[in-house]
Amino acid sequence: MSERQRHGASIGQPLTRRDGPDKVTGAARYSADFKPEGLVHAVMAVSAIARGRVTHLDVAAAEAHPGVIAVMTPGNAPKLAKSPDLKDNPFAFRLDLLQNDGVRYANQPIAVVIGQTLEAATEGAALLAPRYEAEPVSVALGAGEVFTPETIGAGSPTSEGSGDVAAGMAAAEARIEASYDTAAQYHNALEPHSSVAQWDGDRLTLHTPTQALWIAKGRLAGLFGIPPENIHVICHYLGGGFGSKGFIAAPQILGIMAAKFVGRPVKLVTRREQMFGPVGHRAATRQTLKLGATRDGTLTALDHHTLTLTSRHDDFVEPSGILSRHLYAAGAISTTHAVSRADIGTPIFMRAPGEASGSVAVESALDELALELDLDPLEIRLRNYAEVEPITHRPFSSKALRECYAQGATRFGWASRPRQPRQMRDADGLLVGWGLGTATYPAGMMQGEARATIRADGTALIETAAQDMGQGAWTVLAQIGADGLGLPVDRVDLRIGDSNLPNGGLAGGSTGTATSGTAVHNATQAAIAELAALAVADRASPLYGAGNAGVTAADGRLARRDDPARSESFSEILSRVGKACVEAKGQGQGDPASRKTYAMHAHGAVYAEVKVDPDLGQIRVTRLVGAFAAGRIVNPHLVRSQYYGGMIWGVSLALHEHAVLDPRSGRVMNGNLAEYHIPVNADVPSMEAILVEEHDPHVNPLGIKGVGELGITGTAGAIANAVWHATGIRVRDIPITLDKLLG
Amino acid sequence: MKAFDYVRPASVAEALAAAARPGAAYLAAGTNLVDLMKGGVTRPDVLVDITRLPGLAGIEHRSDGSTRIGALVRNAVLAHDPTIATRYPALAEALLSGASGQLRNAATTAGNVLQRTRCQYFTDTASACNKRAPGTGCDAIGGVNRAHAVLGWSRHCIATHPSDFCVPLAALDAVVEIEGPGGPRSVPLEAFHRLPGDHPERETVLEPGELVVAVTLPPGADGFAAHSRYLKVRERTSYAFAVVSAAVALRMDGNRIAQARIALGSVALKPWRAREAESLLAGAAPTPETFAQAAQAALAEATPSGDNAYKIELARRIVVRALTLSAAGTPARVPALPASPFAASPFAATQSAASPSAGASTHV
Amino acid sequence: MSFPITLTVNGTARSLVLEDARVTLLDLLRERLDLTGAKKGCDRGQCGACTILVDGVRVNSCLALAVSHDGASITTIEGLAGTNPAGGDALHPVQAAFVEHDGFQCGFCTPGQILSAVGLIQEGQTGGDPERVREGMSGNLCRCGAYAGITEAVLAAHAAMTAPDVLPGRQLAEDAA
């Protein structure tokens, strides 16, 4: 593929972020930075028990504290138009909004104190000193009754497979069976969930961080019994989401209720320690992998069973086995899920839901099998390379994974890796290990809409209620719009992050750029068609008679396809007919026919080097090289950042993150950023991301796959494998902490 | 946070008078106190701001060879003081391995010495804790206690002291200078923090109203400068509390150890001085066998207080490593990753200056 | 009870009356002075998003009681560009480097990262050693995982600000002190 095909004038260019100057000067305003006239502060009180009910709150003590305005409790909270427990769609997760005194998990909101100042409201909440009627709790994996869920993840089948796994195992010449535990993790976006809410009659203006403005608007309309058009949600900047802000969460809605309760604009910001419960998490899993293979490493059977947890009151099942349906060719495949209930907040989508936890188990198991067979980890992956999607036998819309393996291996220097563990040391005597993991994530699309306006002054406006949570929508949607309109990017204005704009879908599931980018692209094509219609019908235009399809847009001009010398600027066309602008809308969604025909996934290969102190067990990831293929790359500068981010999440999953619950109380005992460890800068000394060429004519008109979640998959397994290679110790309880290496 | 009154005395005498008020607490940087107040762990009625008190922010190297560090000297200032880094390198390394650049810029000498435990059941006001609320019990026992004490704990409290700084201070026989209603007094740092026993709520020997005004390193404490290290194992490369740490200071006499000082961190409710091990090493040759014996002696009395037996073996290994590193000699400059196993080089002759990523891997 | 204090905020002297001694510098800036650049990520000194310069030194503003900082000089992200010797609205070299090297994604931790970097460079301990920069920036969590770009940006800004032919940069570092 030539450069010209791959890149447009703007698409493919490594532009720096258009929102960069705002973000480095403090001009970027996040939800909690807004301050409407008369704003007061709300602070949640949350439950110290994980199951039971609140029997007493010392409301009088809170009210007596100077500056406290009101205390909102189940006894006086505004009643909602619809029960927050009503599941009228699978994504209406049950919410705790002070509609009763029950407690279903630790850190559940149980009251809200509104104060003139943040200090007053905060102390008011502390003074409530709740008393409880507590019931025994169960929070451990597999402790409750285990059952088979109806669906997993976002409605996927709980089990899927092909062939006869038992026969495949029986026919195998080498077998492994092992269980891998992954820990409960909390998203912990640096920006806490917050609301700045203002009611005007039955109209609501809301600043809140959300990955999906229209979904938030719809949920709120139902709860408050008002039309969605009465709700204006604004979120120009979103301080990280990772799935925890896909659906509006209880704390955000409590802020809105508090504003109604006191009849004033209210700001409610979740405290960090309150984010370990009511805003979702990634559930712990125990995954049992059974692999069988012939002597040459060809998989005869792959059995991937996941046991996980969900809440006692709602259903979300971490879909760890899904990736085994797409990734490796095996003679027979079984992927199944089981779940038990626990007294925990409901788990939810978290960066690469399913794939992240599933990947570390599958990649570890594959290396364990490679050891049995004395095969190189890369060799066994190539031996089982899926030329078509294993279970469905659909062709891939594109798949440059082989190139990813190869380019990554070369860059990393994989060929010199000794087969046996504990063979390498650095100059300081630290153990060195190398590991590999395959990255994979579906190239999904949601539904979105955009509007493109071409103005008589030669500029344009692109509008869609999409989100930028750091992936770069402020930049890449402008790049896509600019190319679609044939304008330099600096003449394209972009408006996003406002629910009054056309539905921009969801910034999640690695679908954002594919969906809203396609919508933007289609809107620009429609707007150009409108403009062309004006010109070709106008006798005074050099384009007269060309037919809509007979013109192309470039450099702010329309030109005849058959005679590019005959052209006219956008301004001239609009001015002559006396129009200020033309505008048109476009839709972004996957083509159902091609999605039925083709399997669509992004892929990659991640190579990791770790160093481990041979005596003390402390681990450091000293080098990560990822090679990724994800279709067309709109902005390599920002895509590289997405990969780095995902890879660091992989480091975190492999070595750091785990919520520690006291099984007696069900409380998270490390619910803060000092003890719930995520990587710091010094944890990731060297990273490299190779953007492997991949052309996908089927996934969408622009050939874009998502990149947000891809990097976390592959990486965690690569690190687990590298730790084994360094130490000879296979840790199956993730994260791998130093105590597990002391031996 | 509970509302409180705030007073800003102009002298130590005024501060002592102000601190006589009920519910008074001294405020310096507040990096620990304000955090605990936000968590509701401590709820003072009056804060006595000592940050403007004269004469407490200096480092004084005295003619008798001692060094007096004022209570208000910031951790970063102390660590980067060239004379401190030269004479007491383990102190500088310990300070720089603690918290973050921002916190070290604020946190003070006295505040560090007085910092409270990180036990989750102490900071979680919904849990029973004999230290926070005497007589309520200890939920850490039988709970989440991977990080808890293996030395000196009692059935009333199994918490640890989290300070890095105090570990080399204990090794170097530092002395805490105190002003109080009853006049000035001095207490060796090793005797300053109390083990929990039956009264875990009494964390130090400070009497109500007493104020730490300085920490002094005695004459001779700089005699270990050529062979001192602080080593800290943690669960991420930086910005983490120690799982276990050790400060080792050796005075060498040719090929023999003339005198050894060893203190362990995060193993007990105080920095743990390993005197038996020190005695074993006096006059011995710095060999792996000797170091292993010293490590055994240092942890001889250790017992797990829960799910933390690994800390005992880890502590032994840290003692061996810290001894090895100290015997090899103090690096010319505090390493880029202070106190980290990834900065230390027990097997290599020289510190590797290269990026850890750049071709440092060799097959053996 | 009220507590009068004076602060110099981004070069402007301000006399303030705190109605409450509990107010931290972070909440003073964000809730009372409408300087919302400093962010509250944890409120407990565990994330670094609230980092500001107090008397030229980087600190966590969430743990600093305002009343105790009477007389201090404070620089927030909003005031940093104004300190550029190039004048006008020109970005500070650290700000410019963060844009150039994509030292952020969502941007929430960015004001704290940038002020931490300015403080770190001014502390003068890292030189051009990437490992010392990583260690020195480890008090600022970035959940998006922009650490590679952050380190590159700090190294680039450090080089620009300490280059012998760029004296204004040096001057700036001294001014910040």
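Residues numbered from 1 in each chain as written. Chains lettered and ligands numbered in written order. Predicted model: local features only at pLDDT ≥ 70, side-chain atom pairs only at ≥ 80, totals over all residues. Heavy atoms only, no water.

Side note on the overall build of chain C
Each helix and strand counted, chain C has seven helices and five strands in total. Starting at the N terminus and walking to the C terminus, you meet the elements of chain C as β-β-α-β-β-β-α-α-α-α-α-α. Among the 177 residues that make up chain C, the fraction classed as buried is 66%. Across chain C, contacts joining residues at least 24 apart in sequence account for 55% of those joining residues at least 6 apart. (Helix = DSSP H or I, 4+ residues; strand = E, 2+ residues; numbered from the N terminus. Buried < 20%, exposed > 50% of the residue type's maximum accessible area, 1.4 Å probe, protein only. Contact = heavy atoms within 4.5 Å.)

What about the overall build of chain B?
Of regular secondary structure, chain B possesses 13 helices and 13 strands. By the compact-globule yardstick of 21 Å for 364 residues, chain B fits well, its C-alpha radius of gyration being 20 Å. Reported as C-alpha extents along the three principal axes, the dimensions of chain B are approximately 65 × 50 × 40 Å. The 364 residues of chain B split such that 61% are buried. Here the analysis covers contacts within chain B between residues at least 6 apart in sequence; of these, 64% occur between residues at least 24 apart. Of the accessible surface of chain B, which amounts to about 12600 Å², a share of 53% is contributed by carbon and sulfur atoms. Averaged over its 35 positive side-chain charges, chain B has a centre that lies 4 Å from the centre of its 30 negative ones. (Rg over C-alpha atoms; globule rule 2.2 N^0.38 Å. Areas by Shrake-Rupley, 256 points an atom, 1.4 Å probe, with all protein chains shown as cover. Lys, Arg positive; Asp, Glu negative; His and termini not counted. Charge placed at Lys NZ, Arg CZ, Asp CG, Glu CD.)

Describing the sheet that holds strand β6 (residues 131-134) of chain A
All names here are of chain A. Across the sheet, which stays open at both edges, the three strands sit in the order β4-β2-β6 with antiparallel pairing between neighbours. Strands at the two margins of the open sheet, each flanked by one partner only, are β4 (102-103) and β6. Where strand β2 (residues 52-56) and β4 come together, two bridges link them in antiparallel fashion. From the neighbouring strand, R53 faces β4, where its bridge partner is G102. (Pairing = 2+ DSSP bridges.)

Brief notes about the interface of chain A and chain C
Size of an interface, as often reported, equals the accessible area lost when the parts are brought together. Taken residue by residue, the interface counts 62 residues in chain A and 51 residues in chain C. Carbon and sulfur atoms make up 52% of the surface buried where chain A meets chain C, a total of about 4400 Å² over both sides. Our enumeration of links across chain A and chain C arrives at 10 salt bridges. A salt bridge links E131 of chain C to R620 of chain A; the shortest N-O distance between them is 2.7 Å. For the pair chain A and chain C, the interface holds 33 residue pairs in polar contact (both at pLDDT 80 or more). Of all the secondary-structure elements, those providing two or more residues to the side of chain A that touches chain C are α2 (20-25), α4 (118-127) and α15 (636-656) of chain A. (Buried area = accessible area lost by both parts, 1.4 Å probe. Salt bridge = Lys/Arg side-chain N within 4 Å of Asp/Glu carboxyl O. Polar contact = N/O pair within 3.5 Å; in protein donor to acceptor, adjacent residues only side chain to side chain.)

What to know about the sheet that holds strand β2 (residues 12-18) of chain C
All names here are of chain C. Across the sheet, which stays open at both edges, the five strands sit in the order β2-β1-β5-β3-β4 with mixed pairing between neighbours. Edge positions in the sheet fall to β2 and β4 (57-60), since each has one partner strand and no second. Going across the sheet, the axis of each strand differs from the next one's by a mean of 40 degrees, ignoring polarity. Sheet topology note: the strand β1 (residues 3-9)/strand β5 (residues 73-75) ladder contains two bridges and is parallel. Paired with T8 across the two strands is S73, which belongs to β5. Most of the contacts of helix α4 (residues 110-123) go to strand β3 (residues 51-54), to which it runs at about 40 degrees, and overall it touches β3, β4 and β5. (Axes fitted to C-alpha atoms, helices over the stretch in contact; angles between N-to-C directions.)

Some remarks on the domain arrangement of chain C
Residues and elements named next belong to chain C. Each domain of chain C was delimited in the assignment, giving domain 1 (3-79) and domain 2 (81-176). Counting residues at the interface gives 18 residues for domain 1 and 20 residues for domain 2. Note on domain 1 versus domain 2: buried area summed over both sides is about 1400 Å², and carbon and sulfur give 57% of it. Where R58 meets E123, a salt bridge forms, and the shortest distance between an N and an O atom there is 2.9 Å. Connecting domain 1 to domain 2 are six residue pairs in polar contact (both at pLDDT 80 or more). At the level of elements, β3 and α2 (77-80) are the ones that each hand at least two residues to the side of domain 1 that touches domain 2. (Domains from an automatic or database assignment.)

Describing the packing of aromatic side chains
Residues and elements named next belong to chain A. A full pass over the atoms with the stated rule returns 21 aromatic pairs over all chains. Taking 5.6 Å as the distance between ring centres and 55 degrees as the angle between the ring planes, the aromatic pair formed by F93 and F247 counts as tilted. Residue F93 is found in the loop between β3 (68-72) and β4, and its partner F247 is found in the loop between β14 (231-234) and α7 (250-262); the two are separated by 154 residues along the sequence. In this structure, F93 and F247 share a single accessibility class: buried. With a centroid separation of 6.1 Å and 35 degrees between ring planes, the pair formed by Y237 and W474 is classed as tilted. Here the residue Y237 occupies a position in the loop between β14 and α7, and W474 occupies one in helix α11 (residues 473-485), the gap between them amounting to 237 residues. For the pair Y237 and W474, a shared accessibility class is recorded, and that class is buried. Grouped by ring-pair contacts, the aromatic residues F91, F93, F247, F316 and F349 constitute a single cluster. Between K260 and the ring centre of W199, over which it is positioned, the NZ or CZ distance is 3.8 Å. When the ring centre of Y385 is taken as reference, the NZ or CZ atom of R402 above it lies at 4.0 Å. (Phe/Tyr/Trp six-rings, centres within 6.5 Å; stacked < 30°, edge-to-face > 60°. Lys NZ or Arg CZ within 6 Å of the ring centre and 35° of its normal.)

Regarding helix α6 (residues 213-224) of chain A
Residues and elements named next belong to chain A. The end-to-end C-alpha distance of α6 is 16 Å, a good match for the 16 Å that 12 residues give at a rise of 1.5 Å each. Every buried residue of α6 is accounted for by L213, A216, K217, R219, L220, A221, L223 and F224. Positioned one or two residues after α6, G225 has a phi angle of 65 degrees, which is positive. (Expected span 1.5 Å × (residues − 1).)

Overview of the side chain of T210 of chain A
Residues and elements named next belong to chain A. Locating T210 in the fold gives a position in the loop between β13 (203-207) and α6. Given a relative accessible area of 1%, T210 falls into the buried group. A polar contact is formed between the side chain of T210 and the backbone nitrogen of A212, at a distance of 2.9 Å. Beyond its immediate chain neighbours, meaning those up to four positions away, T210 contacts A216, V233, C235, L238, K245 and Q467.

Examining the pattern of salt bridges
In total, this model carries 83 salt bridges over all chains according to the counting rule given. Between R383 of chain A and E379 of chain A there is a salt bridge, and its shortest N-O distance comes to 3.1 Å. Here R383 of chain A and its partner E379 of chain A are both found in helix α9 (residues 377-383), four residues apart, which amounts to about one turn of the helix. Under the relative-accessibility criterion, R383 of chain A is labelled partly exposed at 33%. In this structure, R21 of chain B engages D5 of chain B in a salt bridge whose closest nitrogen and oxygen atoms are separated by 3.0 Å. In this pair, R21 of chain B is assigned in the loop between α1 (12-18) and β2 (24-27) and D5 of chain B in strand β1 (residues 5-7), connecting sequence segments 16 residues apart. The buried category is assigned to D5 of chain B, whose relative accessible area is 15%. Through salt bridges with shared partners, a single ionic network connects R271, E273 and E675 of chain A, D35, K38 and R118 of chain B together with D27, K40, D43 and R44 of chain C.

Structural notes on the interface of chain A and chain B
In this complex, chain A contributes 52 residues to the contact, which on the side of chain B involves 50 residues. Summing the contributions of chain A and of chain B, the shared interface buries around 4200 Å²; its carbon and sulfur component is 54%. In terms of surface lost to chain B, no three residues of chain A exceed D428, L616 and Q618 of chain A, which account for 17% of the buried area on that side. On inspection of chain A and its partner chain B, the count reaches six salt bridges. Note that D615 of chain A and R321 of chain B form a salt bridge whose closest N and O atoms lie 2.8 Å from each other.

Some thoughts on unusual backbone geometry
Residues and elements named next belong to chain A. With an omega of 10 degrees, the peptide bond between I734 and P735 qualifies as cis. Here P735 lies in the segment after α16 (712-727). Of note, the phi angle at S510 is positive, near 55 degrees, even though the residue is not glycine. On the accessibility criterion, S510 (10% relative accessible area) is buried.

Brief notes about the confidence of the model for chain C
Residue and element names in this part refer to chain C. Averaged over every residue, the pLDDT of chain C is 92; residues scoring 70 or more account for 89%. Taken together, the stretch residues 166-177 has pLDDT below 50 and engages in 19 contacts with residues farther than four places along the chain or on a different chain. What the predictor reports for the complex is a pTM of 0.97 with an ipTM of 0.97. (pLDDT = per-residue confidence, 0-100.)

Thoughts on the environment of H69 of chain C
Structurally, H69 of chain C is set in the loop between β4 and β5. In this structure the C-alpha to C-alpha distance between H69 of chain C and I5 of chain C, which are 64 residues apart in sequence, comes to 8.1 Å. Ignoring sequence-local partners within four residues, the contact set of H69 of chain C consists of R52 of chain B together with T6, L7, L25, V54 and A64 of chain C.

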